[in-house]
Amino acid sequence: MVSFDQLLNARLGSLKNAVDDWSETVKKLKSLQEKAENGMQRKAEKADWKGENAGVTKPFVKKTAKEFGDAAKEAESIHNILRDALAEFKAAKKQLKDVVDDAPAKGIRVDSNGAVSYLVHPDHRGKDYKGPDPKEADFDQVRADIKKALDKANDADDIASRALRTLVGKDETNFSGTEYRSLKDAEKAQEVADAKEFVSISKKGAEASPAELAHANQLLKQHVGDALFAEKVATGMGGKGTMTFWAAVVDSHQGNMPKAQLATLKDLQKNLSLTLAEATHSTTPQMRQWKKDVIALGDQQFITDPTKETTGPFGFQITSSLLRHGEFDTKFLKDYGDKLINYEKNTNAPQLWSHGGQYYDALNFGAAKNDDGKDPMTGFLEALGHNPHASTEFFHDKEHFNYLTGVHTKNGPEPRIWPQDSANFVPSPDQTKGLPGFDSLGHALEAATTGHNYEDGPSAATSVHSKQQAEIMNRIVTTMSQHPDLVRDGMADSLGKISAEYMSDIHRAIDPHKGNIEALFPNNGADAHLSEQNVTRFLHTVSQDPDGYAAVNLGQHQYTASILEYHMKHPDVYINHLSPHHREAMQQTIQSIAGDAGEIEGIIGSGRDYALEHKIVENDGAYNKALGKAGTWAGSLVGIGIGLGTSAISGPGGAIASGLGGTASSEIINGIVTGANRDQLQGQIYRDGKHWEVLKDDTAQTTRQSLAATSLKHDPSLGLYQGFSDSAVDEGFRAGQSNVQKYIKGEVQSSSS
């Protein structure tokens, strides 16, 4: 491993000399090769030898001549490897030196070990300091550039060292004759060789030793993201071979085992999944056949233990256990999902998946409780969660959406019965909680509606929602508001995050002033067309879960701060067209936004209150803990601003709606996350209204802070505007509370009533 100091101060003269020396060696060996082939070998071939000379000496001469040729090839390959490695090291060193040299101009110091810090710390700057003031993003960029240079050097070092070991070979008496024309050529050759080695181990199945499986895992780990390696692994095993291998591995490694061995197998499952995901993007005939075979074998059982006679996991179960990581090809996922659902609808599959737990073992190593991997839908939904395009297409199909989310329709098929996924057979498990598939269903819906991998935070690039994404969002809110039981245990955190990314749509739905609503809450993407009634009931249900509450809460505060900053920065978009009196228009704009913020907080506060009163959640500390836990994800919300995407738009007055700095929202999010435990309520429900007052005051305070972080901070009327904001928050809270009672028809009574 090349360190920062080693690369920055590398003396490459010796390597340059070695390249030159090998260049000369190649010339000499090629001269000897020519003499051996044109002289010694040609004379031997023309010689009319009899007896032992013909049977021994002639083959020996030919073999010796060939060795000169092999030596020349090997020497040239060594020269090529060293030449390209030298070029890579030079480029990486220059890249690193440029980063270090350019850092001071950005106000950043790079230490001798590669650590970055302020050139002049803010605490040590004088009053007249006019130098650069780097932000965290600047530090991150320098760190990333350093890593890029080091990765370049380390990649070259790794490929070169492995190629040189291969060239030397294991035969001490013969030259290998291996030919590498470049470092890239060597890399490809190594990928193919390692893939063959992995396939060789896979063919041993249950006979593969723990050491061999650990080595196989290392091969996969070394080549994560290598398309050629991935394809050679998949096609080398074949569709049936892939499934047979994994069925054999899981069958032969069950029960209690050493932690290190379990960790290796868990890692092997992940890395094989990543490798197969990469391979599915290949369009070669061999990979097309692999995908076709895997799908076709879904309804067949794989019996790897003869003692079990007729019981073994189905192809769907094996494949889905290897779909949990990585981004699989969109068409492959669609075809696979269609076949899986079709099979389930025409068989008693959900019961079959669960019932099999008595006869064959788990397919998922180191999984969470009750997620043995026998329910193939769980792994498939995880795959959709990692491929947003595939997930959007899949859930845009109403039958798929209804079947998986539990929506009953008059003419449609019955919704899915989710099985228990553990060793114990449960004929009719509770369809609202305790099943791991619900968490994965939430992940898939999150990807389908937001356009990003559920494990990644939102970004400006994914903030503009397509028509299909918005339609799925509408379907989620509409159906789950009418049937709260469809928000199954484990889904609320994803539904809360989805809501946070659709805050502009939610604000449009609940804002009572519908005039020019598109300008008040602009959005480059498609509108989800939500109703106030459905939004109220949906958010009330989602916020009963601490993680769901935290996501909606943080999303609301981020959006309110961003939309206020936006309108103060671009008054021509909405404010200047609202009224000829600027102060009056400013007041109305602030009141609309603050009132909506209060209403949303009133709704989710009611949901939180209901959960505590009915012991759905034991104490209020769970909500504060969830707010703190969501900090990293909430930080990424700042990057989406108000959801205008990466391109600027022009407002009605020609103002360019872009360039939001996120200052206000960033400060608000940090304040909420770091102060999440300040208002510990110790699980009490304050029927005297104090609980509501705390939530309302927090919202009023954050909205005041948001205004103070905008261009109004120097306005003499800031305090007056903040007063209007406080009143609007109060009215919004009351509206939220009232709507909960109105739309849920008295089924839920808030604790403050």
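Just so we're clear, the structure is a prediction, and the values are computed from it rather than from any experiment.

Cut-off values and rules
Residues numbered from 1 in each chain as written. Predicted model: local features only at pLDDT ≥ 70, side-chain atom pairs only at ≥ 80, totals over all residues. Heavy atoms only, no water. Helix = DSSP H or I, 4+ residues; strand = E, 2+ residues; numbered from the N terminus. Buried < 20%, exposed > 50% of the residue type's maximum accessible area, 1.4 Å probe, protein only. Contact = heavy atoms within 4.5 Å. Areas by Shrake-Rupley, 256 points an atom, 1.4 Å probe, with all protein chains shown as cover. Expected span 1.5 Å × (residues − 1). Phe/Tyr/Trp six-rings, centres within 6.5 Å; stacked < 30°, edge-to-face > 60°. Lys NZ or Arg CZ within 6 Å of the ring centre and 35° of its normal. Core = buried A, V, L, I, M, F, W, Y, C linked by side-chain atoms within 4.5 Å. Axes fitted to C-alpha atoms, helices over the stretch in contact; angles between N-to-C directions. Left-handed = near helix turned anticlockwise from the far one by under 90°. Nonpolar A, V, L, I, M, F, W, Y, C, P; charged D, E, K, R; others polar.

Undergrad: Honestly, the overall build of the protein in this entry has me stumped. Any pointers?
TA: Assigned secondary structure in the protein consists of 29 helices and two strands. Across the 753 residues that make up the protein, the buried fraction comes to 51%. Taking contacts inside the protein between residues at least 6 apart in sequence as the whole, the part at least 24 apart equals 76%. Accessible area for the protein stands at about 34100 Å²; split by element, carbon and sulfur atoms hold 50% of it.

Undergrad: Mind showing me how you'd approach helix H16 (residues 436–450) here?
TA: In an α-helix there are 3.6 residues to a turn, and that puts residues three or four apart on one side. The first and last C-alpha atoms of H16 sit 22 Å apart over 15 residues, in line with the 21 Å expected at 1.5 Å per residue. Within H16, 14 of the 15 residues are buried, leaving the element largely enclosed by the surrounding structure. Once H16 finishes, Gly451 follows within two positions and takes phi at roughly 85 degrees, a positive value.

Undergrad: Honestly, the packing of aromatic side chains in this entry has me stumped. Any pointers?
TA: Describing an aromatic ring pair means giving the distance of the ring centres and the angle of the ring planes. Under the definition given, this model contains 18 aromatic pairs. A network of ring pairs unites the aromatic residues Trp290, Phe314, Phe316, Phe328, Phe332, Tyr336, Tyr343, Trp353, Phe380, Phe394 and Phe395 as a single cluster. Positioned over the ring face of Trp418 is Arg416, at 4.5 Å from the centre of the ring. The ring of Phe401 has Arg475 sitting right over it, with the charged end atom 5.3 Å from the ring centre.

Undergrad: Looking at this structure, I do not really get the nonpolar core. What am I missing?
TA: Soluble, globular proteins show a tendency: their nonpolar side chains are buried together. Counting residues in hydrophobic clusters, the biggest one holds 130 residues, and the most contacted among them are Trp246, Phe395 and Leu404. Here this core takes eleven residues from helix H7 (residues 227–252), the largest share from any one element. Apart from the residues within four sequence positions on either side, Phe395 is in contact with Leu381, Leu384, Phe401, Leu404, Leu441, Ala444, Leu445, Ala448, Ile472 and Arg475. Counting residues in each nonpolar core, the second largest holds 35 residues, with Val19, Ala85, Leu96 and Val142 among its members.

Undergrad: Would you mind showing me how to read the packing of helix H5 (residues 183–202) against helix H6 (residues 210–222) here?
TA: A pair of packed helices is characterised by two quantities: the angle between their axes and the separation of those axes. Two elements in contact, H5 and H6, have axes whose closest approach is 10 Å; the angle formed by their N-to-C orientations is 150 degrees. At the point where H5 passes H6, the crossing takes the left-handed sense. Of the residues in H6, those touching H5 at Asp194, Glu197, Phe198 and Ile201 are Glu212, His215, Ala216, Leu219, Leu220 and Gln222. Considering only residue class, the contact of H5 with H6 consists of five nonpolar, two polar and three charged.

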